[in-house]
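Remarks on the overall topology
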Amino acid sequence: MKIAIIHEWLDSYAGSERVVEQMLACFPEADLYALCDFLPEGQRGFLGGRVPRTSFIQRLPLARKMFRNYLQLMPLAVEQFDLQGYDLVVSSSHAVAKGVITGPGTKHVSYVHSPMRYAWDLQHQYLRQAGLTRGLKGLYTRWLLHRLRGWDQLSSARPDVILGNSSYIVERIRKVWRREAEVLHPPVDLGGFPLSTAPRRHFLVASRQVPYKRIELVAEAFRRMPELKLIVAGDGPSAPLVAEAAKGADNIEIRGRVPQPELVSLLQGARAFVFAAEEDFGIAMVEAQACGTPLIVYGRGGARDIVADGTTGLFFEEQSADAIVAAVRAFVAREAAFTPEACHAQAQQFSIAEFRRKLIEVVSRDAPPSAPAGAA
């Protein structure tokens, strides 16, 4: 088979690139396409020496630093890839990659990290955060997002099979594209997060400190529970807000960003990992479970796929300090029911091997089960 893998852009080795890495491992003979490739030399190892085929965006002025500013050209750019002669196209899409054009003899399987949230349900939040709620620039951005929604909806008919990275994303795909999709959880490298059955003495929240993570709520909750120790690991723009929420609480220790071995040690020593964000999936939660650590998490988003409620963790149903306090106290009351072995076993369904197995299974099918009638 002649195979192509399509990715939006390559500028860092992060979450979506780890998915591409496993796609390349499944199909080592595949050609790789990307709108642009500005990946630093030290992060190119997962490409296995491949040089991606790029679009005209690669050559536009200031593209290396400002390629995201060419968002309005990306639908055109991705449609220019010549994929004639390929038997299989696998796209990794969080923006436009699923919009590549393929012929009737080519099977297109699209792995969707998320539909473009800034063009759909998070449009108004994006405009506020970018300071684009008024003025000519704001008006232009609204017009651009309107155009992107139209193209996004139209191009969602092009893949034969759509895979979403969680049940939450599958539901968003159904809502905004009116397409059916299957769940394929992203691959999590569990090898660096071994099971520990050692005594556990603290609670842990570890994350980049950005507003939507709501780490300040976790700090505020533990400030009300002085008998329970909380360690906060990570840094970011919300760090001052988190520090203020923890001010005067002797039971809260703020570590800042920690090296990987220390993070693993903190996870292995945690009574529970506390997480208050609504995530599309949530790799940190899987890594915690792999270490044998139960989860106390906000019950929206990808967490619903990751936690076996009552067995490997507990949900709280609103993003508030009161809800977190209630959930932590409920956990402490029945802590012995959450065993490290059960948590570790739950994490195994999100392994690299499981991702590869299911992806190969999906692309090997003769009939595309989620293709809409009249797909173009």
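Residues numbered from 1 in each chain as written. Predicted model: local features only at pLDDT ≥ 70, side-chain atom pairs only at ≥ 80, totals over all residues. Heavy atoms only, no water.

What follows concerns the pattern of salt bridges. Scanning the model with the defined rule gives 23 salt bridges in all. Residue glutamate 262 is joined to arginine 255 by a salt bridge in which the shortest nitrogen-to-oxygen separation is 2.8 Å. On the basis of relative accessible area, glutamate 262 is assigned to the partly exposed category, the value being 28%. Ionic pairing is found between glutamate 335 and arginine 271, a salt bridge with its closest N-O pair at 2.8 Å. Taken together, the positions of glutamate 335 in the loop between helix 12 (321-333) and helix 13 (340-347) and arginine 271 in strand 10 (residues 270-275) put the pair 64 residues apart, joining distant regions of the chain. The class for arginine 271 is buried, based on a relative accessible area of 17%. Each of the salt bridges in this network shares a partner with another, and the network as a whole consists of Glu182, Glu354, Arg357, Glu361 and Arg365. (Salt bridge = Lys/Arg side-chain N within 4 Å of Asp/Glu carboxyl O. Buried < 20%, exposed > 50% of the residue type's maximum accessible area, 1.4 Å probe, protein only. Helix = DSSP H or I, 4+ residues; strand = E, 2+ residues; numbered from the N terminus.)

Looking now at helix 8 (residues 239-246). Here helix 8 has its buried residues at Val242, Ala245 and Ala246. Each buried residue of helix 8 lies within a common arc of 95 degrees when the element is viewed along its axis, so the set occupies one face. Where helix 8 is buried, its residues touch helix 7 (215-223), strand 8 (230-233) and strand 9 (252-256). (Arc of directions from axis to C-beta. Contact = heavy atoms within 4.5 Å.)

Contact pair helix 10 (residues 283-290) / helix 13: the axes reach a minimum separation of 7 Å and the direction vectors enclose 135 degrees. Our classification of the angle between helix 10 and helix 13 gives oblique. Where helix 10 crosses over helix 13, the handedness of that crossing is left-handed. Within the contact between the two elements, helix 10 uses Val286, Gln289 and Ala290 and helix 13 uses Cys343, His344, Gln346 and Ala347. (Axes fitted to C-alpha atoms, helices over the stretch in contact; angles between N-to-C directions. Parallel < 35°, antiparallel > 145°, perpendicular 65-115°, else oblique. Left-handed = near helix turned anticlockwise from the far one by under 90°.)

Here we come to the pairing of strand 9. Both strand 8 and strand 9 contribute to a ladder of 4 bridges, which runs parallel. Note that in strand 9 the partner of leucine 230 across the bridge is isoleucine 252. In this region the chain leaves strand 8, passes through helix 8 and returns to the parallel neighbour strand 9; the handedness of that crossover is right-handed. (Pairing = 2+ DSSP bridges. Right-handed = clockwise from strand over helix to strand, strands pointing away.)

Looking now at the pairing of strand 10. Most of strand 10 is tucked away, with 6 of its 6 residues classed as buried. Note that the unit made of strand 10, helix 10 and strand 11 (residues 295-298) has a crossover that is right-handed.

Moving on, we get to the sheet that holds strand 8. One open sheet accounts for 6 strands, arranged 9-8-7-10-11-12; its pairing is parallel. Each having just a single partner strand, strand 9 and strand 12 (313-316) make up the two edges of the open sheet. Put simply, the sheet's adjacent strands are angled 20 degrees from each other on average, direction ignored. Alignment of strand 7 (residues 202-206) against strand 8, held across 4 bridges, turns out to be parallel. Note that in strand 8 the partner of phenylalanine 203 across the bridge is leucine 230.

Attention now moves to the packing of aromatic side chains. The final tally for this structure, using the stated rule, is 13 aromatic pairs. A cation sits over an aromatic face here: lysine 2 above tyrosine 86, 4.7 Å from the ring centre. Its end group placed over the ring of phenylalanine 315, arginine 304 keeps NZ or CZ at 4.1 Å from the ring centre. (Phe/Tyr/Trp six-rings, centres within 6.5 Å; stacked < 30°, edge-to-face > 60°. Lys NZ or Arg CZ within 6 Å of the ring centre and 35° of its normal.)

Turning to the environment of methionine 74, a few remarks are in order. Take methionine 74: it is sitting in helix 3 (residues 74-79). Of the residues examined, methionine 74 reaches a relative accessible area of 0% and is grouped as buried. Remark: the alpha-carbon pair of methionine 74 and threonine 339, spanning 265 residues in sequence, is separated by 48 Å. Residues contacting methionine 74, with those up to four places away along its chain left out, are Trp9, Leu35, Ile57, Phe67, Arg68 and Val96.

Sheet strands associate in pairs through backbone hydrogen bonding, adopting either a parallel or an antiparallel arrangement. Taken together, the 6 strands give an open sheet; going across it, the order is 2-1-3-4-5-6, and neighbouring strands pair in parallel fashion. Strands at the two margins of the open sheet, each flanked by one partner only, are strand 2 (31-37) and strand 6 (182-183). Judged from the 2 bridges that link them, strand 5 (residues 161-164) and strand 6 form a sheet pairing that is parallel. Following the sheet pairing, leucine 163 is matched in strand 6 by glutamate 182. The strands touched by helix 1 (residues 15-26) are strand 1 (3-10), strand 2, strand 3 (88-93) and strand 4 (107-112); relative to strand 1, the strand with the most contacts, the crossing angle is about 165 degrees. Across the sheet, helix 6 (residues 167-177) is in contact with strand 4, strand 5 and strand 6; its angle to strand 5 comes to roughly 135 degrees.

Another aspect to go through is the nonpolar core. Within the largest apolar cluster, 32 residues are counted, with the highest numbers of intra-cluster contacts made by Phe203, Phe222, Ile296 and Ile324. Sorting the residues of this core by element identifies strand 7, helix 7, strand 8, helix 8, strand 10, strand 11, strand 12 and helix 12 as the ones contributing at least two each. Phenylalanine 203 has contacts with Phe222, Leu228, Lys229, Leu230, Ile231, Arg271, Ala272, Val274, Ile296, Val328, Phe331 and Val332, leaving out every residue within four places of it along the chain. (Core = buried A, V, L, I, M, F, W, Y, C linked by side-chain atoms within 4.5 Å.)

The interhelical angle for the contact between helix 1 and helix 14 (residues 352-364), taken along N-to-C directions, is 60 degrees, at an axis separation of 10 Å. By the angle class used here, helix 1 and helix 14 are oblique. When the axes of helix 1 and helix 14 are compared, the crossing they make is right-handed. Every residue of helix 14 that contacts helix 1 at Val19, Gln22, Met23, Ala25 and Cys26 is listed here: Ile352, Phe355, Arg356, Leu359 and Ile360. Classifying every residue of the contact of helix 1 with helix 14 gives 8 nonpolar, 1 polar and 1 charged. (Nonpolar A, V, L, I, M, F, W, Y, C, P; charged D, E, K, R; others polar.)

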